[in-house]
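Each chain, letter by letter, is given below.
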Amino acid sequence: MNTGAPSPLPETAAVRVLGIQRKLHKWASDDRDRRFSDLHNLVCDPAVLMVAWQRVRSNTGSRSAGVDGQTARHVEQQVGVEKFLAGLREELRSGSFRPLPVKERLIPKRGGKFRRLGVPAVRDRVVQAALKTVLEPIFEAGFKPCSYGFRPGRRAHDAIAEIHMLHTNSYEWVLEADIEACFDSLSHSACLDRVRRRVADKRVMVLIKAFLKAGIMTELDGREETLAGTPQGGILSPLIANVALSALDEHFAHAWQATMATRPEREKIRRRGGATYRLSRYADDFVVCVAGRREHAEALIAEVEQVIAPLGLKAKVKQITKHTGPDQAPDQLLHRVNRVLRGWWHYFRHGVSSATFAYLRHFAYWRVVGWLRRRHRKRNWGWLRRTYLTERWPAHGGVELFNPVALGTSRYRYRGAQIPLPWTSGYVAMRDHATAMDYLEGLIAR
């Protein structure tokens, strides 16, 4: 690869990077034990950095500044993209690049807890995006089909479809869990050890370790060391988390291949009173579907430490409808509630969700009605019905409360292990810049 060339145009960079990724993925697929020893030059490649910049710039998070106070717009207007990428490339090649601490943002959760998000500096986001562009095709060659979160071409609907398929094939017990504080508690040494299985380039390993150890600048302007975890908000974090959590996938895949891979083996196990089971994982959330008895499902708890995952949506609707005041009109309230309900319906409508949608409809209705009654305490129920409950359903100013039951659910086609990757023949070749950039946006964002 020629790494001495100036920054190419985005159109040329996209095509070139796709070619690099296809080669990396093919080499990694052909030799599952291969360790790649010359990846740093690819991370520094002008085309890779240009693609990384395009992804960072197109993200809505580009408006947020890191600890250095710079946004993507500042880089464009005050520094210049060419100069910015050239300087970044020189720092990488010379080994002088050091990531800055991420800026802390605490997002409230249920129960008074907070989710810690990190806002990296723009320069660090570009380097993380470049690392992910190079590393993802390599690790995708070894990831198991049971993993669906933060992977190209995969989505939560695939996991739901797999669970539905298993349920219709006698896997009637489901163990649902997540890994508590996964992004905050992953061992750095465990993450790096698993990365080293495919990456022999010490310069790349130094970069990854530097991002893990970059530290956090708290909201009180204090500096905290990061002794564990991958800060949420970093472009590289989901990939590193998937690399670490693939140990769980491999554990269940090995058990399946060793004793349950064929129908006669599974039938033999069940005749003897045993159970068969399959894992479906989406990032740090996972379910184990069990064909057997309840005690078989409960016995699997000892294999994976778990915490039952709360749904979390009803808290959003409750928060929106909690307070009344002159600053929020009824139609504005309906708009806000509808955004949550419509987004949640669109995401989960491919599952077996009719009963849940019915409950959600009931819950949202009474939350909105309760809000209206608190807003108009001196009005009676008849006035409220005439004013806001058109045909007994909340509406005002042309805005009607979204009804998740009315639109129903639909089945999402189960694709199994036949989900093509962007670097395989299952994808159509890209012939124009728009298509290439759409692909790259989805590739690097995850």
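Located above this text is the structure these notes cover.
This one's a predicted model, so the numbers in the text were calculated from it and none came from an experiment.

The rules we used
Residues numbered from 1 in each chain as written. Predicted model: local features only at pLDDT ≥ 70, side-chain atom pairs only at ≥ 80, totals over all residues. Heavy atoms only, no water. Helix = DSSP H or I, 4+ residues; strand = E, 2+ residues; numbered from the N terminus. Buried < 20%, exposed > 50% of the residue type's maximum accessible area, 1.4 Å probe, protein only. Contact = heavy atoms within 4.5 Å. Areas by Shrake-Rupley, 256 points an atom, 1.4 Å probe, with all protein chains shown as cover. Salt bridge = Lys/Arg side-chain N within 4 Å of Asp/Glu carboxyl O. Phe/Tyr/Trp six-rings, centres within 6.5 Å; stacked < 30°, edge-to-face > 60°. Lys NZ or Arg CZ within 6 Å of the ring centre and 35° of its normal. Core = buried A, V, L, I, M, F, W, Y, C linked by side-chain atoms within 4.5 Å. Pairing = 2+ DSSP bridges. Expected span 1.5 Å × (residues − 1). Bend = angle between axes of the 7 residues up to and from the residue. Axes fitted to C-alpha atoms, helices over the stretch in contact; angles between N-to-C directions.

Draft legend 1. Representation of the overall build of the chain within the structure. Counting its secondary structure elements, the chain contains 19 helices and 10 strands. By the burial criterion, 47% of the 446 residues in the chain qualify as buried. Across the chain, the fraction of contacts at a sequence separation of at least 24, relative to all contacts at a separation of at least 6, is 73%. Split by element, the accessible area of the chain, about 23100 Å² in all, is 51% carbon and sulfur.

Draft legend 2. Spotlight on the pattern of salt bridges. With the rule as written, the count across this model stands at 15 salt bridges. The partner of Asp30 in a salt bridge is Lys26, and the shortest N-O contact between them spans 2.8 Å. Placement of the pair is Asp30 and Lys26 together in helix H1 (residues 10-30), with a separation of 4 residues, close to one helical turn. Given a relative accessible area of 56%, Asp30 falls into the exposed group.

Draft legend 3. Looking closely at the packing of aromatic side chains. Summed over all chains, the structure comprises 8 aromatic pairs. Consider the rings of Tyr365 and Trp366, whose centres lie 5.0 Å apart with planes at 90 degrees: the pair is edge-to-face. Across from the ring centre of Trp256, 4.5 Å away, lies the NZ or CZ of Arg278, which sits over that ring. The lysine or arginine in question, Arg379, covers the ring of Trp383, its NZ or CZ lying 4.4 Å from the ring centre.

Draft legend 4. A look at the environment of Ser58. Structurally, Ser58 is set in helix H3 (residues 46-58). Separated by 14 residues in sequence, Ser58 and Ala72 have C-alpha atoms that sit 9.3 Å apart.

Draft legend 5. Local environment of the nonpolar core. Within the largest apolar cluster, 58 residues are counted, with the highest numbers of intra-cluster contacts made by Leu39, Trp53, Val126 and Ile208. The next biggest cluster of nonpolar side chains, apart from the first, holds 23 residues, and it includes Leu333, Leu334, Tyr365 and Tyr388.

Draft legend 6. Geometry of the pairing of strand E1 (residues 102-108). Pairing between E1 and strand E4 (residues 216-217): 2 bridges, direction parallel. Paired with Val102 across the two strands is Ile216, which belongs to E4. Note that E1 and strand E2 (residues 114-119) share 6 bridges and pair antiparallel. Across the sheet, residue Arg105 finds its bridge partner in E2, namely Leu117.

Draft legend 7. Spatial organisation of the sheet that holds E1. Reading across the sheet, the 4 strands line up as E2-E1-E4-E5 and stay open at both edges, with mixed pairing between neighbours. Lying at the two open borders of the sheet, with one neighbouring strand each, are E2 and strand E5 (223-224).

Draft legend 8. Main features of helix H6 (residues 122-140). Between its first and last C-alpha, H6 extends 26 Å over 19 residues, near the 27 Å set by a 1.5 Å rise per residue. Of all the bends found along H6, the most pronounced is centred on Val134 and spans about 30 degrees, while Pro137, a proline, follows it within four residues. Counting buried positions over the 19 residues of H6 gives 19, a clear majority of the element.

Draft legend 9. Representation of the environment of Ser189. With respect to the helices, strands and loops of the structure, Ser189 is situated in helix H9 (residues 188-196). By relative accessible area, which is 47% here, Ser189 ends up partly exposed.

Draft legend 10. Structural detail: the sheet that holds strand E10 (residues 399-400). The strand order across the open sheet built from 3 strands is E8-E9-E10, with neighbouring strands paired in antiparallel fashion. The open sheet terminates on both sides in strands that have one partner only, identified here as strand E8 (389-390) and E10. The sheet strands contacting helix H16 (residues 354-375) are E8 and strand E9 (393-396), and the helix crosses E9 at an angle near 50 degrees.

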